[in-house]
Amino acid sequence: MREVVEPVEGAEEHGAGDDPAVTVGRTPGADGSGGRGRGRRGGGGRGRRGLLVAVAVAVVAAAVGAGLLYGRPGTEREPASGEPLPPATEKAVRGDLVSEVRSFGTLQFSGDRRVTNRIAGTFTWLPAASSVVERGERLYAVDDRPVVLMRGDLPAWREFRAGMKDGKDVRMLEENLAALGYTDFTVDEEFSRKTEAALKRWQKNNGLPQSGKLELGRVVFAPGDLRIKKSAVRPGDAAVPGGEVLRAGGSRQRVSTQVPLEAQELALEGASVEIELPDGDRTDGTVASVGQQRLNEQGKKVVPVTVRLDSPGDVGKLPSADVTVVLRKVEAKNVYSVPVTALLPLPDGGFAVQIVEGGQVRRVKVRTGAFADGRAEVSGPGITEGVRVGVPRL
């Protein structure tokens, strides 16, 4: 959580922004929630590509530079203790320190595929471009009879009928019949008499002969719904087995990105990430798959990563776009932190901060820990949530 810098009474006002060279992430709210959700603006520069990593040398250099800015003549008044008031203060906060790794990505529909016909006749109906076909719906029609989309990872390769050998394709058919409301059978790899009865009911409701057999090509199996890109044929064309009918893709959008090899541990399958959209808003995502290490165009080692959207509605009808994938690393949990610019180097090593209370200033030595988002983990006498510490005028 960033606090608005408050000028100290009697001192000059100054800008409160962190040095961009030091800012490498963000600090969640004091409750540790992280404040994730739609509509938050991505800190750190929209459209920035590449990797931002916390560099300890830069943080220490910033803190040393900050110490040189304290005590400028003519800008502070002297309290009774003799310690000059700082130009301004910020609050110490308690929460997780989180750094961010950003990588450029592309939002697009995934799962491109060609739909091949297996039934002889004449094409009588084809879906419109950009339409989405769901499970159990007509994908196209031959001789005014539907070819129906069903879900499954294995392509149809044989006729379904009583007495056929058991197989995974039978299970796929039964899973789809059950999902469409045709039950009263056990979902397994056996095409039983009860499977045949359920298939007949499905055939009746789809305007097909109630034979209890399903010829090869009457259903098309795909992993999910299909978004039609274009048709390779027109109504009235001859339907030739083996010919291409449609070009289609998945109906859900995915983000493809390449994560630097050194950040691979943040992009494990199932990990939560954020996706920064072109308008600066963010939406949540989950790492769906991680590929093998390779070299990118710049010769750097990267790992291909695919991210699925947790809330697809957040991107609206955006067909494709350049986005930024934001991966998080918790540097420290439930700690006190102050801006790195509040750290004052001590002659014998280490750092101190100025605690400002009731117009009085006292300097206390602190122990530092993790650094992230231009903030430093600190502990020491008087360091509590909400205490105000001095910061310089930058």
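Residues numbered from 1 in each chain as written. Predicted model: local features only at pLDDT ≥ 70, side-chain atom pairs only at ≥ 80, totals over all residues. Heavy atoms only, no water.

Digging into the nonpolar core
- Val255, Ile275, Val305, Val307 and Leu327 are the most contacted members of the largest nonpolar core, which totals 20 residues.
- Elements represented by at least two residues in this core include exactly strand E4 (93-109), strand E14 (253-260), strand E15 (272-276), strand E18 (301-309) and strand E19 (321-339).
- Sorting elements by how many residues they give to this core places E18 first, with four residues.
- For Leu327, the residues in contact, after removing those within four places along its chain, are Ser99, Glu100, Val101, Ser103, Val259, Leu266, Ala267 and Val273. (Core = buried A, V, L, I, M, F, W, Y, C linked by side-chain atoms within 4.5 Å. Buried < 20%, exposed > 50% of the residue type's maximum accessible area, 1.4 Å probe, protein only. Helix = DSSP H or I, 4+ residues; strand = E, 2+ residues; numbered from the N terminus. Contact = heavy atoms within 4.5 Å.)

What to know about the confidence of the model for the protein chain
- Mean pLDDT for the protein chain: 82, with 79% of residues reaching 70 or above.
- Within the model, the stretch residues 1-5 combines pLDDT values under 50 with 21 contacts to residues more than four positions away or in other chains.
- Contacts of residues 9-80 to residues separated by more than four positions or lying in other chains number 170 contacts, the stretch itself having pLDDT below 50. (pLDDT = per-residue confidence, 0-100.)

A closer look at helix H3 (residues 193-205)
- Relative to the 18 Å expected for 13 residues at 1.5 Å per residue, H3 spans 19 Å between its end C-alpha atoms, a close match to the ideal helical length.
- Taken together, the buried positions of H3 are Thr195, Glu196, Ala198, Leu199, Trp202 and Gln203. The buried side chains of H3 occupy one side of the element, clustering within an arc of 165° when seen end-on. Along H3, the residues that are exposed and aim more than 90 degrees away from the buried face are Arg193, Lys194, Lys204 and Asn205.
- Residues of H3 that are buried make contact with strand E9 (145-151), helix H2 (168-179) and strand E10 (219-222).
- In the segment just after H3, Gly207 is the residue with positive phi, at about 70°. (Expected span 1.5 Å × (residues − 1). Arc of directions from axis to C-beta.)

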